[in-house]
Amino acid sequence: MSALGVFNTANLNGGQKLGLKYLTVSLVLFGAQILFGLLAGLQFLLPDFLFGVLDFSVNRTLHVNALVVWLLYGFIGGVYFMLEDEAKHPVVGLGLGNLIFWVLTAAVVVVVLVFLLVQVGPGDMSSIWLINEGREYIEAPRWADIGIVVSVLVFFYNVVATFAKGRYTGIAGVLVMDLMALAGLYLAGMAYTPNISMDQFWWWWVIHLWVEATWEVLVGCIMAYMLIETMGVRRKIVETWLYIEVALMFGSGILGLGHHYFWIGTPEYWLTIGGFFSALEPVPLVAMVVHALFDSGVHRMKNNNHPALAWTISQAAGNFFGAGVFGFMHTLPQINLYTHGTQWSASHGHLAFFGAYSTAVIGFFYLAAQKSRGNVWMSGNLPGNGWKWKWGMAWLWIGMIGMTMALLIAGYEQSQIERATEGSTWMGYFEAQAHPWFQQAMTWRQISGFGFLLGYILLVWDLLTIGKGETRPAQVIESEAH
Ligand code: HEM
Ligand code: HEM
Ligand SMILES: [Fe+2]
């Protein structure tokens, strides 16, 4: 243990050291995601910009894949970070876990370089194996898929073996089952079929069942740990909520999958199943908000890490609005008929991913920053009144809400002109894209994107400096938890 306020990995246990590596790469990839998002957004305004050099398709691929990878790195980092604390046992197989971190990260770098430098290939299996598998969000080529599966197995082994040797808590139980489902689902996105309906059918097993079932539960586990750590919330209460949320989430989210089967050539009964179950999906999200408010209220907001708690609370709100409200808006087939695949979906996609998942990972960044400086003070009265984290958070949210609203307006306009008035014709598509409301919305998305970038810069600056030179130890929270 080094002096307070000095960054030193000696402050961390083995799992936390490895977790910190994952979290660091996660933060860097978050920056890459923003960069490629800004480039893709600019190409909406200036279609010739970088044409033939870095095409929209490539920027978009890098933008959404960086998103998935930085969030997964954040989750894996978070799990390693809490593992020893939760299991009260050193990570089993830590050496292997460290090795896999480097292998996986090298593979990510190679995939990004291939996306950037190769960009096109022949229309046969060699492209699928070596360049791009062509499924949105999980475009990594087949060789990388196999590498990812192996890496995840090692991660899974670390988690299960550590809990098995140490303490097996309620959070541990939910986490292990969930990781099993999460890893298993990835396999559904690996089997290529030339039938586009079948291909989409399985692809959604990964995308939907990740974000609307397994990721939600994973984030629930991470949040549960955060609440115990930062507020000293009683384990029994946190775990009870977790069980309720998991039951509700799986109860609605699994068959909610049907909201992606409305128009891809699947049988008609999916209209009813998808509409009904996905309409129930906001229910667990309401439970999560109630849970967060309940815990904060009981503990009168007393906590040892202001930024981490602020991001945790904004997770509950962001998840509810982004996934629950914005998802619900277009989930009934009668509405989705008009909104499907418009910028409306992108509006929901941005707010949901940011609100439910980015917030949680950012909260964890702050916990890691605190612990790696020897568990320093991060409550009130930070130097400068904590302006960096506050403004960082404000700009990230202003940027995100600005983008989401701009996209929602564009989506409304597309639904009206392309779908309702022009009856989904090819001409209608172009007419909607050329409309001034659409174009103005794209401009506002870009302006908001730069605001978001400003927030990111402040966030990184803050994470690198918060707690530096701080001599007060973390506020002691009466913990009834352990
Ligand atoms: C955190 C959880 C969620 C995330 C991260 C998320 C993200 C996304 C994303 C990125 C898309 C666009 C997919 C594409 O590229 O085609 C999408 C589509 C969709 N989402 Fe969500 N979503 C979440 C939760 C929900 C919930 C709870 C509902 C319903 C209540 C919902 C309803 C929908 C529907 C209906 C579509 C299809 C839109 C279309 O037809 O184009 N989502 N979601
Ligand atoms: C500077 C900030 C950002 C800009 C300028 C930006 C821009 C874009 C653009 C231009 C696209 C392609 C849309 C299309 O194909 O029509 C896109 C897609 C997407 N972005 Fe962003 N983005 C930004 C930040 C983010 C963040 C922070 C997240 C999530 C945390 C995110 C999640 C997504 C998702 C999920 C999609 C796919 C949506 C869909 O297919 O419906 N983006 N973004
Ligand atoms: Fe979905």
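Preceding block: the structure.
Quick notes on the rules
- Residues numbered from 1 in each chain as written.
- Chains lettered and ligands numbered in written order.
- Predicted model: local features only at pLDDT ≥ 70, side-chain atom pairs only at ≥ 80, totals over all residues.
- Heavy atoms only, no water.
- Helix = DSSP H or I, 4+ residues; strand = E, 2+ residues; numbered from the N terminus.
- Contact = heavy atoms within 4.5 Å.
- Near = heavy atom within 4 Å.
- Polar contact = N/O pair within 3.5 Å; in protein donor to acceptor, adjacent residues only side chain to side chain.
- Nonpolar A, V, L, I, M, F, W, Y, C, P; charged D, E, K, R; others polar.
- Buried < 20%, exposed > 50% of the residue type's maximum accessible area, 1.4 Å probe, protein only.
- 1 Å grid on protein atoms, 1.4 Å probe; cavity = no way out; pocket = protein on both sides within 12 Å on 5 of 7 lines; lining within 4 Å.
- Points joined across faces, edges and corners; volume = space filled by probe spheres on them.
- Donors = N, O, S within 2.8 Å, 3.2 Å for Na, K, Ca; no water.
- Axes fitted to C-alpha atoms, helices over the stretch in contact; angles between N-to-C directions.
- Parallel < 35°, antiparallel > 145°, perpendicular 65-115°, else oblique.
- Phe/Tyr/Trp six-rings, centres within 6.5 Å; stacked < 30°, edge-to-face > 60°.
- Lys NZ or Arg CZ within 6 Å of the ring centre and 35° of its normal.
- Lys, Arg positive; Asp, Glu negative; His and termini not counted.
- Salt bridge = Lys/Arg side-chain N within 4 Å of Asp/Glu carboxyl O.
- Tetrahedral: all angles 85-135°; square planar, octahedral: opposite > 155°, others 65-115°.

J.: I'd like a rundown of the environment of W241, residues and numbers included.
T.: Along the chain, the position of W241 falls in helix α8 (residues 235–256). Through-space distance from the C-alpha of W241 to that of M288 is 8.1 Å; in sequence the pair is 47 residues apart. Residues within four places of W241 in sequence aside, it is in contact with A287, V290, H291 and F294.

J.: How would you summarise the site of ligand 2 if you had to cite specific residues and measurements?
T.: Near ligand 2 there are 26 residues, and of these R60, H63, E136, Q343 and H350 occur at the shortest range. E136 is positioned with one of its side-chain polar atoms (N or O) 3.0 Å from an oxygen atom of ligand 2. In this structure, an oxygen atom belonging to ligand 2 sits 3.0 Å away from a side-chain N or O atom of Q343. For the shell around ligand 2, the per-class residue count stands at 14 nonpolar, nine polar and three charged.

J.: I'd like a description of the side chain of N305, backed by residues and values.
T.: Along the chain, the position of N305 falls in the loop between α10 (282–298) and α11 (306–329). For N305, a relative accessible area of 0% corresponds to the buried category. A polar atom in the side chain of N305 sits 3.0 Å from the backbone nitrogen of A308. In this structure N305 touches T230, Y366, L367, Q370, M378 and S379, once residues within four positions along its chain are discounted.

J.: Explain empty space enclosed by the protein to me, and be specific about the residues and the numbers.
T.: Inspection of every chain in the model, using the stated rule, returns three cavities of 30 Å³ or more. Approximately 140 Å³ is the volume found for the largest cavity. Considering the residues around the largest cavity, the lining is formed by 13 residues, among which M223, L227, M288, H291 and Q315 are closest to the centre. Counting only elements with at least two residues in the lining of the largest cavity, the list comes to α7 (196–231), α8, α10 and α11. Per-element accounting of the lining of the largest cavity gives the leading share, four residues, to α7. In terms of residue class, the lining of the largest cavity is built from eight nonpolar, four polar and one charged. The volume enclosed by the second largest cavity comes to roughly 50 Å³. Along the walls of the second largest cavity sit V68, Y137, I138, I207, W210, V211, W215 and F353, which together make up its complete lining. In terms of residue count, α7 provides more of the lining of the second largest cavity than any other element does, four residues in total.

J.: So, the coordination of the iron atom of ligand 1: which residues are in play, and what are the values?
T.: Protein coordination of the iron atom of ligand 1 is limited to a single donor, H348 (NE2), which sits 2.0 Å from the metal. The distance between the iron atom of ligand 1 and the iron ion (ligand 3) comes to 4.3 Å. As for its placement among the helices and strands, H348 is situated in helix α13 (residues 343–372).

J.: Please provide a residue-by-residue account of the packing of α13 against helix α16 (residues 436–465), values included.
T.: In contact at an axis separation of 13 Å, α13 and α16 are set at 5 degrees when each is read in the N-to-C sense. Here α13 lies roughly parallel to α16, going by the angle between them. Contact residues: Q343, F354, I362, F365, Y366 and A369 in α13; F438, M442, F452, L459, D462 and L463 in α16. Among the residues forming the contact of α13 with α16, the class breakdown is 10 nonpolar, one polar and one charged.

J.: Tell me what's going on with the packing of aromatic side chains, and back it up with residues and numbers.
T.: Counting across every chain of the model gives 40 aromatic pairs. Relative to F321, the ring of F320 has its centre 5.2 Å away and its plane inclined at 70 degrees; by these criteria the two rings are edge-to-face. Three or more aromatic residues link up through ring pairs in this structure, and these residues are F75, Y137, Y186, W203, W204, W210, W215, F353 and Y357. Above the plane of the ring of W129 lies R142, whose end atom (NZ or CZ) is 5.4 Å from the centre.

J.: Tell me about the side chain of D295, and name the residues and values.
T.: Structurally, D295 can be placed in helix α10. Nearest to the buried, unbridged D295 among oppositely charged side chains is R234, at 9.6 Å. A polar contact is formed between the side chain of D295 and the side chain of H291, at a distance of 2.9 Å.

J.: Which residues make up the layout of surface pockets, and what values go with them?
T.: Taken as a whole, the second largest pocket encloses approximately 680 Å³ of empty space. Around the second largest pocket, the lining comprises 36 residues; the ones closest to its centre are V68, V69, L72, I148 and Y186. Looking at the lining of the second largest pocket, the elements with two or more residues in it are α1 (14–45), α2 (56–87), α3 (94–117), α5 (142–165), α6 (170–188) and α7. Per-element tally for the lining of the second largest pocket: the top contributor is α2, with nine residues. Classifying every residue of the lining of the second largest pocket gives 33 nonpolar, two polar and one charged.

J.: Before we move on, can you summarise the coordination of the iron ion (ligand 3) with the specific residues and values?
T.: Every protein donor of the iron ion (ligand 3) is accounted for by H208 (ND1), E212 (OE), H259 (NE2) and H260 (NE2), and the metal-donor separations fall at 2.1 to 2.2 Å. One can describe the site at the iron ion (ligand 3) as irregular: its four donor atoms subtend angles covering 86 to 144 degrees at the metal. Considered as a linear motif, the donors of the iron ion (ligand 3) on their single chain read H-x3-E-x46-H-H.

Read these as spatial facts, not as claims about activity.
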